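A structural walkthrough
So you can see what is in the structure, the chains are spelled out below.
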Amino acid sequence: MTLTIFLVMIAFIIIMQASIPFLLKKTLAFGVTIPEGYTDHKTVTASKKAYSAICLLLGTVALLGYAIWANQPVLSEEHIVLIGLGIQFGILLISMVLYLYFHAKITRLKRSQNWGSDLKQVRIADLAIRSKDEMLPTALYALPIVITIGLIAYTATQYGNMPDLIPTHWGPNGQPDAFSEKTPFSVVALLLILLVMQGMMLGIHALTKQSGIKLNAAKSKTSQIQQLSFRKYTSWFLFMTSFLITILFGFLQLVTIHEGLGNEVIMLAFPLGFLFVILIATAVYAFKVGQGGSRIDVLVEDESAPGITDVDDDQYWKAGVFYVNKNDPSIFVEKRFGVGWTINFGNPIGYLILFGPILLIIAISLLL
Amino acid sequence: MVLIHIEPSSSIPIYTQLTHQLIILIAQGQLKAGDTLPSVRSLASDLGMNMHTVNKSYHELEKKGLIQIVPKSGAVINPIPRDGIAEVHRLRIVEELEPIIAEAIALGMTSEGIETLTSTIISTLKEES
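Overview of the structure. Here the structure is a predicted model, which means the values were calculated and not measured.

As a further point, take unusual backbone geometry. Backbone geometry places Ala319 of chain A, a non-glycine residue, at a positive phi of 55°. Within the secondary structure layout, Ala319 of chain A lies in the loop between strand S7 (317–318) and strand S8 (322–323). Overall, the relative accessible area of 35% leaves Ala319 of chain A in the partly exposed class. Of note in the backbone geometry, Lys72 of chain B takes a positive phi value of approximately 80° without being a glycine. Inspection of the secondary structure assignment puts Lys72 of chain B in the loop between strand S2 (67–70) and strand S3 (74–77). We classify Lys72 of chain B as exposed; its relative accessible area is 91%.

This part is about the pattern of salt bridges. Taken as a whole, this structure holds 15 salt bridges over all chains when the rule is applied. The salt bridge involving Arg336 of chain A is made with Asp313 of chain A; its shortest N-O contact spans 2.7 Å. In this pair, Arg336 of chain A is assigned in the loop between strand S9 (332–334) and strand S10 (341–343) and Asp313 of chain A in the loop between strand S6 (308–310) and S7, connecting sequence segments 23 residues apart. Accessibility classification places Arg336 of chain A together with Asp313 of chain A in one group, the buried group. The salt bridge involving Arg92 of chain B is made with Glu96 of chain B; its shortest N-O contact spans 3.8 Å. Here Glu96 of chain B and Arg92 of chain B lie together in helix H4 (residues 87–106), a separation of four residues that amounts to about one turn. Taking the relative accessible area as the measure of exposure, Arg92 of chain B reaches 24% and is therefore partly exposed.

What follows is about the side chain of Gln224 of chain A. Looking at the secondary structure, you find Gln224 of chain A in helix H6 (residues 220–257). Given a relative accessible area of 9%, Gln224 of chain A falls into the buried group. Within the structure, the side chain of Gln224 of chain A is placed 2.6 Å from the side chain of Asp126 of chain A, a separation counted as a polar contact. When neighbours within four sequence positions are excluded, Gln224 of chain A is seen to be in contact with Asp126, Ile129, Lys132 and Leu215 of chain A together with Met1 of chain B.

The next thing to look at is the environment of Arg41 of chain B. With respect to the helices and strands, the residue Arg41 of chain B is situated in helix H2 (residues 40–47). Along the sequence, Arg41 of chain B and Asn55 of chain B sit 14 residues apart, while their C-alpha atoms lie 8.9 Å from each other. Once residues within four sequence positions are removed from consideration, Arg41 of chain B is found in contact with Gln210 and Pro329 of chain A together with Met51 of chain B.

Residue and element names in this part refer to chain B. Roughly 1,800 Å³ of internal volume is contained in the second largest pocket. In terms of lining residues, the second largest pocket is bounded by 38 residues, among which Ile23, Ala27, Ile93, Leu97 and Leu125 are the most central. Only helix H1 (14–28), helix H3 (51–63), H4 and helix H5 (111–127) provide two or more residues apiece to the lining of the second largest pocket. With nine residues, H1 is the largest single contributor of residues to the lining of the second largest pocket. Across the lining of the second largest pocket, the residue classes break down as 22 nonpolar, 10 polar and six charged.

What follows covers the packing of aromatic side chains. All names here are of chain A. According to the stated counting rule, one finds 20 aromatic pairs over all chains in the structure shown. Ring centres of Tyr51 and Phe337 lie 5.5 Å apart, and the angle between their planes is 85°; on these two criteria the pair is classed as edge-to-face. Residue Tyr51 is located in helix H2 (residues 42–69), and its partner Phe337 is located in the loop between S9 and S10; the two are separated by 286 residues in the primary sequence. With a relative accessible area of 13%, Phe337 lands in the buried category. Three or more aromatic residues link up through ring pairs in this structure, and these residues are Phe30, Tyr51, Tyr99, Tyr101, Phe102 and Phe337. Sitting above the plane of the Tyr159 ring, Lys182 keeps its charged end 4.7 Å from the centroid.

What follows covers the nonpolar core. Residues Met197, Ile245, Phe249, Leu252, Met267 and Phe332 of chain A are the most contacted members of the largest nonpolar core, which totals 33 residues. Counting only elements with at least two residues in this core, the list comes to helix H5 (189–210), H6, helix H7 (264–289), S10 and helix H8 (348–367) of chain A. Looking at this core element by element, the count peaks at 10 residues for H5 of chain A. Beyond its immediate chain neighbours, meaning those up to four positions away, Ile245 of chain A contacts Leu194, Met197, Met201, Gly250 and Phe274 of chain A. In this structure, Ala125 of chain A together with Leu25, Ile67 and Ala75 of chain B belong to the second largest nonpolar core, which totals 21 residues.

Quick look at the sheet that holds strand S3 (residues 120–126) of chain A now. Reading across the sheet, the three strands line up as S6(A)-S3(A)-S1(B) and stay open at both edges, with mixed pairing between neighbours. Here the strands that pair on one side only, and so sit at the sheet edges, are S6 of chain A together with strand S1 (3–6) of chain B. Sheet twist, expressed as the average angle between the axes of neighbouring strands with direction ignored, equals 45°.

Every contact between the two is made by 24 residues of chain B and, on the other side, 27 residues of chain A. Carbon and sulfur atoms supply 59% of the area buried between chain B and chain A, which totals about 2,100 Å² over both sides. Taken together, the connections running from chain B to chain A amount to two salt bridges. Of the charged contacts, one joins Lys120 of chain A and Glu7 of chain B as a salt bridge, the two residues approaching to 3.5 Å between their closest N and O atoms. Secondary structure elements with two or more residues in the side of chain B that touches chain A: S1, H1 and H2 of chain B. At seven residues, H2 of chain B tops the list of elements feeding residues into the side of chain B that touches chain A. For the side of chain B that touches chain A, a count of residues per class yields 16 nonpolar, five polar and three charged.

About the thresholds
Residues numbered from 1 in each chain as written. Chains lettered and ligands numbered in written order. Predicted model: local features only at pLDDT ≥ 70, side-chain atom pairs only at ≥ 80, totals over all residues. Heavy atoms only, no water. Helix = DSSP H or I, 4+ residues; strand = E, 2+ residues; numbered from the N terminus. Buried < 20%, exposed > 50% of the residue type's maximum accessible area, 1.4 Å probe, protein only. Salt bridge = Lys/Arg side-chain N within 4 Å of Asp/Glu carboxyl O. Polar contact = N/O pair within 3.5 Å; in protein donor to acceptor, adjacent residues only side chain to side chain. Contact = heavy atoms within 4.5 Å. 1 Å grid on protein atoms, 1.4 Å probe; cavity = no way out; pocket = protein on both sides within 12 Å on 5 of 7 lines; lining within 4 Å. Points joined across faces, edges and corners; volume = space filled by probe spheres on them. Nonpolar A, V, L, I, M, F, W, Y, C, P; charged D, E, K, R; others polar. Phe/Tyr/Trp six-rings, centres within 6.5 Å; stacked < 30°, edge-to-face > 60°. Lys NZ or Arg CZ within 6 Å of the ring centre and 35° of its normal. Core = buried A, V, L, I, M, F, W, Y, C linked by side-chain atoms within 4.5 Å. Pairing = 2+ DSSP bridges. Axes fitted to C-alpha atoms, helices over the stretch in contact; angles between N-to-C directions. Buried area = accessible area lost by both parts, 1.4 Å probe.

The analysis is restricted to geometry; functional conclusions fall outside its scope.
Following this line, the structure appears as structure tokens:
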């Protein structure tokens, strides 16, 4: 079971990493702004293909090697988990190194050939766009939080009936494998962690909703449709994640309170179902919506406006991945290499929303 | 779509570009009396620029009497007065227009040329509305 989970996860990571260059807008390659007219330059397209091919090849070798190695009967489950995690990190590391190589290569090429020097850089905004924004209302994200507070209250009423050892960790088979002594804190620790995660997602949602809707000056209509779809589906995805985590954690908490509730099959099915739905949703989102909605089909694609291109803000993107712009009030911005949002490191609130919850969760785990 | 175009590399300051374009949109009727402009934060985010820049532009428009900044509702477009331009604004426009017309004459533009240009600009603004 453990091996199957790891094989699926590793295969998933390989496919996602290898696909990234093709999930992005054509005006971005390896974190570099590509001016209109150069998006199909042969070095750019060849680099994207090379990146994907190397990721797929090395990934497949690692995956096969892992599958064969893990079939030795002498191995403990711990070994399989450890090496499985190692391979996941290894794939991420390799794709990062490849990314940096191609980032440097395209940056050099663009500079040496003066790409876009004959084009006028224009930034556009639609004054009426906020009324068309279809991101979910922030209040909806409070709903899972209300459920958690209800569960905490319910746990308080059931305190007397709860076992002396409270599960704090569950193994791949869905069975608890680590416990803490029963205290008023340990019985709700899981729910507190859930609360922190829900709060983080509410915060991310509220801040991404405020972030800039950046249109492509040369293709205003197409990019408007794509941007709005991206924002809508991203907020759906985030809400679904918040909802699913609530179901999973809420279920684990109820099983802790009422031990008879979960038999072995259900305990196994819940986390697996959760993982399965998240992976499928991520894949559908990445390939159907794409970064910034780049894979959304637009009925009538507008022609590139001649002579102009998007503003080149490469100077604010350190290594093409870290956005540092003190002037931009957006706290979240679209990633340049990957799907989803990243924070504006030029804005301290961004750090807070990212590291605050992590520190809180660590604090809760240490107190147990 | 009511579009704003900003050229960061232009010699015209960004806040001036923004102010000019908003004035043109009002003159064209694309922004009508009672319409609200986006909040300073959201327009600055959309354009990836400093909030002060947008704020400065909005205050400039308010000083010119084109918008009204209402607490909570934001920047609201004023109606175009039916009984003509207020004296204070007329004087300001005369003052701003004079050096430009003088420059045109000094560079050899004829009176007819200036008049034709003015009517062309007016008809273009009306055409695009």
